[in-house]
Every structure is written in C-alpha cells, then in structure tokens.
Amino acid sequence: MGKKKRVKKQGVKGLHLPTLITYAVAGMGVVFIVIFLGFLLVKGGGKKELSQEEKDRFQTIVSQSQKDGILIKTMRDENNKEEGTLLVNEEKWKKLPIDSKEALCFAVSNEIEVKTLLVKNESGEHLGTYRLGGRFFEKK
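Residues numbered from 1 in each chain as written. Predicted model: local features only at pLDDT ≥ 70, side-chain atom pairs only at ≥ 80, totals over all residues. Heavy atoms only, no water.

Moving on to the overall build of the protein chain. Within the protein chain, the secondary structure is distributed over four helices and five strands. Along the protein chain, helices and strands appear, N-terminal first, in the series α-α-β-β-α-α-β-β-β. Across the 140 residues in the protein chain, those meeting the buried criterion constitute 23%. Once local pairs closer than 6 in sequence are excluded, the contacts in the protein chain between residues at least 24 apart make up 48%. Of the roughly 11,200 Å² of accessible surface on the protein chain, a fraction of 58% belongs to carbon and sulfur atoms. (Helix = DSSP H or I, 4+ residues; strand = E, 2+ residues; numbered from the N terminus. Buried < 20%, exposed > 50% of the residue type's maximum accessible area, 1.4 Å probe, protein only. Contact = heavy atoms within 4.5 Å. Areas by Shrake-Rupley, 256 points an atom, 1.4 Å probe, with all protein chains shown as cover.)

See the structure below:
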C-alpha cells in the first residue's frame, strides 16, 4: 500500500478577525489624532486682533456706561501689561445684574487690551475680578 498524500497549504497566513478589528480601530484613532492636531494648528491659539467693528462696539458700551455714571475711569497697570483697573460708582454698580457687569468688564478689558481686570470703587476698595475668557468673580 502506498502513503497518504498530504495537502500542503501554501501562501500567506491571513489575519484573524480580532486582529483585523484591532488594527482598524488603531488606524482610526491615528487618523482622528492627526485631524485634531491639524485643527489646532489651523485654528491657532493666543490673542486675536480685534476688527474695527468690534472696537467701535466696545467703545460704545464704555461711553454709554460713562454717561450713565457707572464707569468712572479705566487704566492699565504699568508694571503688568496684562492687568488693568476699572473704577466704578459703587451704588450704581451693585444695582447692575451680573450679565451687565460681565459685558462691561469684557468691553473694557478688550478696549484696554488686558486679560485680568480688577473692579474697584472710588475709594479703591476691591469689588471684584474679571478674567478674559472666564467670568466675573464678585467680592461678597
């Protein structure tokens, strides 16, 4: 009697399904990371230049609050270029809703180009702090 013939499989082994899924998920993750990094580079960071229309709008808000007697004076700190001070009439300031306070602080901080704005009354007492991109923290 003769020997049995064996069939030899030739060729490349294929990937098993779990391995294929793992590689696909890893590939999609890499693609999403590259897209996210591209978005960050295109979007850019840091401070943007204000358009003339925005500057005019902020100037209108500031001048209106000066007419109403709320805003007395704005100034930028000479030692720290990212900090400024806003002097207000305390009685009128306390009557304003928090949204109006934040809007006024936002307008003033953009007008004098500072990131942190300290709100004080006529006598120099601290009433609150506004951080650009954040919110107004009122001293209680």
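Having seen the structure, we can now continue with the description.
For a regular strand, side-chain orientation follows a simple rule: the groups alternate between the two sheet faces. The buried count for strand β2 (residues 83-88) comes to five of six residues, which makes it a mostly enclosed element. Summarising the sheet, strand β1 (residues 71-76) and β2 pair through five bridges and their orientation is antiparallel. What sits directly across from Met-75, in β2, is Thr-85. The antiparallel hairpin formed by β1 and β2 contains six residues in its connecting segment. Note: β2 against strand β3 (residues 116-120), five bridges, orientation parallel. From the neighbouring strand, Leu-86 faces β3, where its bridge partner is Val-119. (Pairing = 2+ DSSP bridges.)

Another point: unusual backbone geometry. One can expect most non-glycine residues to show negative phi and most peptide bonds to be in trans. Positive phi is not limited to glycine here, since Glu-113 has a value of about 55°. Looking at the secondary structure, you find Glu-113 in the loop between α4 (98-111) and β3.

Attention now moves to α4. Residue pairs spaced three or four apart in an α-helix point in one direction, given the helix's 3.6 residues per turn. With 14 residues, α4 should reach 20 Å at 1.5 Å per residue; the first-to-last C-alpha distance of 20 Å fits that figure. After α4 finishes, the residue Glu-113 shows a positive phi value of roughly 55°. (Expected span 1.5 Å × (residues − 1).)

This brings us to the packing of helix α2 (residues 52-67) against α4. Contact geometry of α2 with α4 gives a least axis separation of 9 Å together with a crossing angle of 120°. For the element pair α2 / α4, the angle class is oblique. For the crossing formed where α2 meets α4, the hand is left-handed. On α4, the residues touching Phe-58, Gln-59, Ile-61, Val-62 and Ser-65 of α2 are Leu-104, Phe-106, Ala-107, Val-108, Asn-110 and Glu-111. (Axes fitted to C-alpha atoms, helices over the stretch in contact; angles between N-to-C directions. Parallel < 35°, antiparallel > 145°, perpendicular 65-115°, else oblique. Left-handed = near helix turned anticlockwise from the far one by under 90°.)

Most often, soluble globular proteins keep nonpolar side chains buried together rather than apart. In this structure, Leu-86, Trp-93, Cys-105, Val-108, Leu-117 and Val-119 are the most contacted members of the largest nonpolar core, which totals 18 residues. Among the elements of the structure, α2, β2, α4, β3 and β4 (126-131) are those that each provide at least two residues to this core. Per-element tally for this core: the top contributor is α4, with four residues. Val-119 has contacts with Leu-86, Val-88, Trp-93, Cys-105, Glu-125, His-126, Leu-127, Gly-128 and Phe-136, leaving out every residue within four places of it along the chain. (Core = buried A, V, L, I, M, F, W, Y, C linked by side-chain atoms within 4.5 Å.)

Time to look at the sheet that holds β3. Read from one edge of the open sheet, five strands run β1-β2-β3-β4-β5, paired in mixed fashion. Looking along the sheet, the strands with just one partner apiece sit at the ends: β1 and β5 (136-138). The mean angle between the axes of side-by-side strands here comes to 20°, regardless of whether they run parallel or antiparallel. Relative to the sheet, α4 contacts β1, β2, β3, β4 and β5, its axis offset from that of β5 by approximately 120°.

Such coordinate-based values are descriptive only and should not be taken to indicate function.
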